[in-house]
Amino acid sequence: MEYNHREIESRWQRQWRESEIYKVSTDPSKPKFYVLDMFPYPSGAGLHVGHPLGYIASDIYARYKRLQGFNVLHPMGYDAYGLPAEQYAIQTGQHPEKTTTVNIARYRSQLDKIGFCYDWSREVKTCDPEYYKWTQWAFQQMFGHYYDIAADRAMPIDALVAHFESRGTEGLQAAAGKDLEFTAAEWAALDEKAKSDVLMNYRIAYLGHTMVNWCPKLGTVLANDEVSEGLSIRGGYPVEQKLMYQWCLRVSAYAQRLLDGLERVDWTDSLKETQRNWIGRSEGAEMRFKVAGRDLDLEIFTTRADTIFGVTFMVLAPESAYVDMVTADECRDAVRAYLDEVKHKTERERMIDKKVTGVFTGSYAINPLTGKQIPIWVSDYVLAGYGTGAIMAVPAHDSRDYAFARHFDLPVIPLIEGADVSESSFDAKSGRMINSEGPELNLNGLEVKDAIAATKRFIAEKGLGRVKVNYRLRDAIFSRQRYWGEPFPVYYKDGIPHMLPADQLPLQLPEIDQYLPTESGEPPLGRAKNWQTADGCPLELNTMPGFAGSSAYYLRYMDPRNNDALVSPEANGYWRQVDLYIGGTEHATGHLIYSRFWNKFLYDLGTVCEDEPFRKLINQGMIQGRSNFVYRIKDTNTFVSAGLRKDYDTTPIHVDVNIVNNDVLDLEAFRAWRPEFATAEFVLEDGRYICGYAVEKMSKSMFNVVNPDDIVERYGADTLRLYEMFLGPLEQSKPWDTNGIDGVNRFIKKLWKLYQDSDDSQPSAANLKTLHTLIKKVAQDIENFSFNTSVAAFMICVNELTAQKCRSRAVLEPLAVVIAPFAPHVAEELWHSALGHDTSVVDAQWPAHDEKHLVEAEVTYAVSFNGKARYNITVAADADAETVKAVAMAHEAAEKWTGGKEPVKVIFVPGKILNFVIK
RNA sequence: GCUCGAAUGGUGAAAUGGUAGACACGAGGGACUUAAAAUCCCUUGACCAUUGCGGUCGUGCGGGUUCGAGUCCCGCUUCGAGCACCA
């Protein structure tokens, strides 16, 4: 019988669907395993061959775990809210929901063809009201909680109100926007609006006046991770800083826990490092400098407390509240002019333009250690949003301060022995301190590290400041001036925001006539009719950002149809957390921070039992496109093969990779491709037209998009799955190159052939060795996510068994099970038709390898002495006399080297053959 | 600038400190065939030798540890990724 992938695959996929074989339920009698893919945004372009890479890897792992007897949760869904559908809606008037539905259907059919073992009964879509009810619910919970620093967790806002009522802010330790101070009496005297404003300062989801990334072109604000180098990630439009009244999430309150949690998860070091950078913890000191002649302290943050003797000036951020307080009357005009100048620069201009600018305020601060007066300046190189918005400048040991000092001719005092500060600052945190002696503190001769500690101790004792930890991580801006997102379950009464009652959730997204802002500049929801509560209070017009829906979806899969809770305690208690999460690195500082934050908040609430959502995370590499080129001779319609092009003056033209095979152009298909090539002539080499190639992003405009459907149609899903794994290490980025897929396809055909005429004969020792080598290798490889070497192992195994003319069911049966995670359709077919089982291979047991079949073939002699050197000499079990003699000599030599004093151990372990020469 | 990765044939890549280049593609040669496709076999890191055997060099560069280094350590080079007036 011929291997017919079309027939086999459609038949088995139907079978799996009809028997609901991949449906799972909570089953406390079995150990659980949760394998998750980052769910896709269903874009209009559909899937290309790069998308399924991670899905195939997770599918292999899920199937493997299932064969090992685990109850595997392996769901899929859609991150359905997003800008492209909305942009498309603006252009065409088509409702984004319609576009999204069409795209989801397309994704589903593409995914189905690859043969994944998803439990589709658990599918979630973020735009589904049944789903976003719980996104809205979580938001309301965040509104109803504050972060208690002493308890190190979120607490109900009622507890905060109770605290205010009894003690005001006395003894309060809570994450807040501003440090407020009031008494219980003052709190009681506040009106409702004022109380609401105070509570906003503490809520985890809060309305705040913050500097936001405003993108005029997209007409919306963006989160920090949606902006790079002053441009929006999506579209690449300029982004400005703008002060707006927006919903925010107090992610910063969780900064330390987000950092600590990284110690407990099994992620790659580089991803953890990326998150650590993003959180940006820095330990330092907050210190007060008196302003000369005024009753005012400047509070600054520094990580280099040791350099305090080298402070020669102070700098304030232009937006700092200090600026107005310290500016002397005679300098007021100059300062105001400077502030105006700075304000008109965009963030991007400020970044590109590294010119040193600044203005003197006319005031002086007093260095608390030397008592000397130092000038206070304003400059835009100091950021308002970090630390206190004011710094002590140490030009000798900070390159930015150095540039400023040189530009304005301010003094530079070196503080580290041997540091040459004539050309540039010495920024390294190492060396011995000099010039650092004052009346009360002497740091001279100390190492920088010790000097920092000594200074911190000193300022804490003298009450000059305190040890302080700062984080770069900012609160997440949670409002979007967009239509296609979750509506906020919020209404306003007398200008005070209130949450809709829980029984009115979900608040459904209303219909509107156009997907644009209103004439008065309000977000699109301003167009909705009757967008108000029953008693006429207006509802919030903003919608939630993309990350809202994706922050807890992994929890919803545990209990997707529960209408009373995001997830029941039973379901969450069983599935707990994602054991394996596979997705791209592009979410490192977005989704993977937000969902960890979201999860920690739900953990504080007691909704979930695990503090970290994703135990192990693998980042699959990006698949790049491999573009092909033809070379047109200038001003002709003649194309010259790549190898001959240097003899002509040519222009390279992208050619559709789908009409090129192994870089050989299909001439007829090329002529038919576009009208202007219908009359194309060719200059061939060896009778063929060879195309050039380049690695580029996979995109329509490069004509290098390869659709998985085409590969499945031509070679079958199993070939696609094996080939994507064979392409290289999972975590590495690589170009898609269809060259080589034939090799994998050949392997499947050989596998198929091996199973024809299977019988009940006894397997030979060689058969068993081949089989057990494979079982051992593949199990190891799957655990290490080294799928490419597994595929190689399959090829070796099948080649060997073919050469051995193995027909034995005792070998073929476990072989089918081992191959099943990788090539499920063909494994299933062979399991039934050739081996005669009437159950699914999915229900089989993963075979254990038996060391005895491997050991007897080869033996390694490991000779160690001195507890140090170690020689492994491996010889075949049936080794000739000469080899055995060599081993004996090695043993003897080892004993001689040790002088017979050290024990010589000879260990027998299985391994490969090594030729060892004794000199 | 700081942090983290990576570098091996014509190509994708393998190698718990122990035969470098598994496996595959491509290429060359051969078998089968009227022919092609399909299939199968041989060769394929470089150089030298070649009627036999074989020999030398070789994992970005320079050092080091080790009986032994692609692998470990130190110092570079190049490329990629993340962060970046973050004090």
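Quick note: structure is the one above.
Residues numbered from 1 in each chain as written. Chains lettered and ligands numbered in written order. Predicted model: local features only at pLDDT ≥ 70, side-chain atom pairs only at ≥ 80, totals over all residues. Heavy atoms only, no water.

Participant: What exactly am I supposed to notice about the overall build of chain A here?
Facilitator: For chain A, the count of helices and strands is 29 helices and 32 strands. If one aligns the C-alpha atoms of chain A with their principal axes, the spans along those axes are about 100 × 90 × 75 Å. The buried share of chain A, taken over its 919 residues, is 53%. Sequence-distant contacts, at least 24 apart, represent 72% of the contacts inside chain A between residues at least 6 apart. Carbon and sulfur atoms form 50% of the exposed surface of chain A, whose accessible area is close to 41,600 Å². If the 101 positive side-chain charges of chain A are averaged to one point and the 125 negative ones to another, these points end up 2 Å apart. (Helix = DSSP H or I, 4+ residues; strand = E, 2+ residues; numbered from the N terminus. Buried < 20%, exposed > 50% of the residue type's maximum accessible area, 1.4 Å probe, protein only. Contact = heavy atoms within 4.5 Å. Areas by Shrake-Rupley, 256 points an atom, 1.4 Å probe, with all protein chains shown as cover. Lys, Arg positive; Asp, Glu negative; His and termini not counted. Charge placed at Lys NZ, Arg CZ, Asp CG, Glu CD.)

Participant: Teacher, can you tell me more about the side chain of Ser641 here?
Facilitator: Its location among the elements puts Ser641 in the loop between strand 23 (638-640) and strand 24 (650-655). By relative accessible area, Ser641 is classed as buried at 0%. If near-sequence neighbours (up to four positions away) are discounted, Ser641 is found in contact with Val683, Leu684, Glu685, Arg688, Tyr689 and Ile690.

Participant: Any chance you could explain unusual backbone geometry here in plain terms?
Facilitator: Leaving glycine aside, a negative phi is the common case for residues, and trans is the common case for peptide bonds. Cis rather than trans, the peptide bond between Leu505 and Pro506 has omega equal to -5°. Positive phi is not limited to glycine here, since Phe703 has a value of about 55°. As for its position among the elements, Phe703 is in the loop between strand 28 (692-696) and helix 21 (708-715). We note that Phe785 has phi near 55°; this positive angle belongs to a residue other than glycine. Among the structural elements, Phe785 can be located in the loop between helix 24 (765-783) and helix 25 (787-803).

Participant: Looking at this structure, how should I read a positive patch on the surface?
Facilitator: Together, Arg746, Lys749, Lys750 and Lys753 make up a region of like positive charge exposed at the surface. With respect to the helices and strands, Lys753 occurs in helix 23 (residues 741-754). In this structure Lys753 comes out as exposed when scored by relative accessible area, which is 62%. (Patch = residues over 30% accessible without salt bridge, like charges linked within 9 Å, V, L, I, M, F, W, Y side chains within 5 Å. Salt bridge = Lys/Arg side-chain N within 4 Å of Asp/Glu carboxyl O.)

Participant: Got a minute to help me understand the sheet that holds strand 9 (residues 240-249) in this structure?
Facilitator: What links the strands of a sheet is backbone hydrogen bonding, and the strands pair in either a parallel or an antiparallel sense. The strand order across the open sheet formed by four strands is 6-5-9-17, and the pairing between neighbours is antiparallel. Edge strands, defined here as strands with exactly one partner in the open sheet, are strand 6 (220-222) and strand 17 (476-477). The sheet contact formed by strand 9 and strand 17 spans two bridges and is antiparallel. From the neighbouring strand, Leu249 faces strand 17, where its bridge partner is Ala476. (Pairing = 2+ DSSP bridges.)

Participant: What am I meant to see in empty space enclosed by the protein here?
Facilitator: Space left empty within the atom packing is revealed by a probe, the size of a water molecule, rolled over the atoms. Tallied over the full model, the rule gives two cavities of 30 Å³ or more. Within the residue set of the lining of the largest cavity, elements represented by two or more residues are helix 2 (52-67) and helix 27 (824-834). By residue number, the principal contributor to the lining of the largest cavity is helix 2, which donates three residues. A per-class count over the lining of the largest cavity returns nine nonpolar, no polar and three charged. Space inside the second largest cavity adds up to approximately 60 Å³. As for the second largest cavity, its lining consists of Tyr131, Trp134, Thr135, Ala138, Ala548, Gly549, Ala552, Tyr553, Leu566 and Trp598. Every element with two or more residues in the lining of the second largest cavity is listed here: helix 5 (129-143) and helix 16 (546-550). Considering every element that reaches the lining of the second largest cavity, the biggest residue donor is helix 5, with four residues. Tallied by class, residues from the lining of the second largest cavity come to eight nonpolar, two polar and no charged. (1 Å grid on protein atoms, 1.4 Å probe; cavity = no way out; pocket = protein on both sides within 12 Å on 5 of 7 lines; lining within 4 Å. Points joined across faces, edges and corners; volume = space filled by probe spheres on them. Nonpolar A, V, L, I, M, F, W, Y, C, P; charged D, E, K, R; others polar.)

Participant: Can you help me understand the packing of aromatic side chains in this one?
Facilitator: Note on aromatic pairs: each is described by the distance of the centres and the angle between the planes. This model, assessed by the stated rule, comprises 58 aromatic pairs. Judged by centre distance (5.4 Å) and plane angle (25°), the rings of Phe313 and Phe404 are stacked. A residue pair is termed long-range when its members are at least 10 positions apart, and Phe313 in strand 12 (residues 313-316) and Phe404 in helix 14 (residues 399-408) qualify at 91 residues. A relative accessible area of 0% places Phe404 in the buried class. A ring pair is formed by Phe639 and Phe677, whose centres lie 5.5 Å apart and whose planes are at 85°; its orientation type is edge-to-face. Of this pair, Phe639 sits in strand 23 while Phe677 sits in the loop between helix 20 (667-673) and strand 27 (681-683), and the two are 38 residues apart along the sequence. The class of Phe677 is buried, set by a relative accessible area of 4%. The rings of Phe33, Tyr61, Tyr64, Phe70, Phe747, Phe785, Phe787, Phe794, Phe822 and Trp846 are connected pair by pair, giving a single aromatic cluster. (Phe/Tyr/Trp six-rings, centres within 6.5 Å; stacked < 30°, edge-to-face > 60°.)

Participant: Please clarify how the sheet that holds strand 20 (residues 578-583) should be interpreted in this entry.
Facilitator: Strand order in this open sheet of four strands is 2-1-20-21, and the pairing throughout is parallel. Of all strands in the sheet, those bounded by a partner on one side alone are strand 2 (71-73) and strand 21 (614-619). If you compare each strand with its neighbour and ignore which way they point, the axes differ by 20° on average. Here five bridges tie strand 20 to strand 21, and the two strands are oriented parallel to one another. What sits directly across from Leu580, in strand 21, is Lys616. On top of the sheet, helix 2 reaches strand 1 (32-37), strand 2 and strand 20; it is set at about 170° to strand 1, its chief contact. Against the sheet, helix 19 (residues 591-605) engages strand 20 and strand 21, with an angle of about 175° to strand 21. (Axes fitted to C-alpha atoms, helices over the stretch in contact; angles between N-to-C directions.)

Participant: Which parts of the structure should I look at to understand the nonpolar core?
Facilitator: A general trend in soluble globular proteins is that nonpolar side chains are found buried together. Among the nonpolar cores identified, the biggest contains 181 residues, and Trp247, Leu249, Phe478, Trp598, Leu815 and Trp846 are the most heavily contacted of them. Sorting elements by how many residues they give to this core places helix 2 first, with nine residues. Membership of the second largest hydrophobic core comes to 42 residues, among which are Met287, Ala419, Phe458 and Ile459. (Core = buried A, V, L, I, M, F, W, Y, C linked by side-chain atoms within 4.5 Å.)

Participant: Please clarify how the packing of helix 2 against helix 24 should be interpreted in this entry.
Facilitator: For any two helices packed against each other, one specifies the inter-axial angle together with the distance between the axes. Where helix 2 meets helix 24, the axes come as close as 10 Å, and the angle between the chain directions of the two elements is 125°. With respect to their mutual orientation, helix 2 and helix 24 come out oblique. Crossing of helix 2 against helix 24: the hand is left-handed. Only Ala779, Ile782 and Glu783 of helix 24 make contact with helix 2, whose side of the interface consists of Ile60, Tyr61 and Tyr64. Considered class by class, the residues forming the contact of helix 2 with helix 24 number five nonpolar, no polar and one charged. (Parallel < 35°, antiparallel > 145°, perpendicular 65-115°, else oblique. Left-handed = near helix turned anticlockwise from the far one by under 90°.)

Participant: I would appreciate a short explanation of the pattern of salt bridges in the present structure.
Facilitator: When their charged atoms lie close together, side chains carrying opposite charge are able to pair. For the structure shown, the criterion picks out 41 salt bridges. The partner of Asp297 in a salt bridge is Arg288, with the nearest N and O atoms 3.8 Å apart. Of the residues examined, Asp297 reaches a relative accessible area of 27% and is grouped as partly exposed. Looking at Arg288, the relative accessible area reads 32%, which means it is partly exposed. One salt bridge connects Glu612 with Lys600, and the closest N-O pair in it is separated by 2.8 Å. Here the residue Glu612 occupies a position in the loop between helix 19 and strand 21, and Lys600 occupies one in helix 19, the gap between them amounting to twelve residues. Take Glu612 and Lys600: they sit in the same class, and that class is buried. Connected via shared salt-bridge partners are Arg257, Arg264, Arg596, Lys600, Asp604, Asp611 and Glu612.

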